[in-house]
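Letter by letter, the chains look like this.
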Amino acid sequence: MANRLNRAQPYALGLFRIVIGLLFACHGAASLFGVLGGAAGGGTVPVGTWPGWYAAVIQLVAGVLVLAGLGTRTAAFLASGSMAYAYFTAHQPEALFPLQNSGESAALFCWAFLLIVFTGPGALAFDRLFGARGSGADRRERQSEKQGAPVAA
């Protein structure tokens, strides 16, 4: 059973990356274009306002990149940092715990993107098309996937 789960790991990571990227991109699109209910309270975020408009651009661009698996680790790192910033500047001053300060989504996105930074894009990513230029760790991961073995750290 463990061997089957290990072989499915890249696909589970790929699906995780796709869902997280889609959800993040939707937040950005809502704030920038007013779709899906718009920004908090409806409507859009005024162009150039700090930090809302810049956060929405990061959400849309990084979300689409993570969703597609293109420049995944860099985009995920930027997204994780933006959510850490959002949590500590907008939510944490209100109360200590995310449940008390409405910061659950910022905290979850922050940690989910940080996980993607360390695990990589998984399967079904455009990064895989350009794998020959990837790092040695990426090549070892792809080789392990082909052999059906778990990825060693």
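Residues numbered from 1 in each chain as written. Predicted model: local features only at pLDDT ≥ 70, side-chain atom pairs only at ≥ 80, totals over all residues. Heavy atoms only, no water.

**Q** Please clarify how the overall build of the chain should be interpreted in this entry.
**A** Within the chain, the regular secondary structure consists of six helices and zero strands. In sequence order, the chain lays out its α and β elements as α-α-α-α-α-α. Relative to its 153 residues, the chain shows a buried fraction of 34%. Approximately 9200 Å² of the chain is accessible, and the part contributed by carbon and sulfur atoms is 69%. (Helix = DSSP H or I, 4+ residues; strand = E, 2+ residues; numbered from the N terminus. Buried < 20%, exposed > 50% of the residue type's maximum accessible area, 1.4 Å probe, protein only. Areas by Shrake-Rupley, 256 points an atom, 1.4 Å probe, with all protein chains shown as cover.)

**Q** Looking at this model, I keep getting lost on the packing of helix 1 (residues 2-33) against helix 2 (residues 52-68). Mind explaining?
**A** Two measures define how a pair of helices packs: the angle their axes make with one another and the distance between the axes. Relative orientation of the contacting elements helix 1 and helix 2 amounts to 150 degrees, with a least axis distance of 7 Å. Taken as axis vectors, helix 1 and helix 2 run roughly antiparallel relative to one another. Judged by the twist between their axes, the crossing of helix 1 over helix 2 is left-handed. Here Arg17, Ile18, Gly21, Leu22, Phe24, Ala25, His27, Gly28, Ala29, Ser31, Leu32 and Phe33 of helix 1 come into contact with helix 2, specifically with Trp53, Ala56, Val57, Ile58, Gln59, Leu60, Ala62, Gly63, Val64, Val66, Leu67 and Ala68. (Axes fitted to C-alpha atoms, helices over the stretch in contact; angles between N-to-C directions. Parallel < 35°, antiparallel > 145°, perpendicular 65-115°, else oblique. Left-handed = near helix turned anticlockwise from the far one by under 90°. Contact = heavy atoms within 4.5 Å.)

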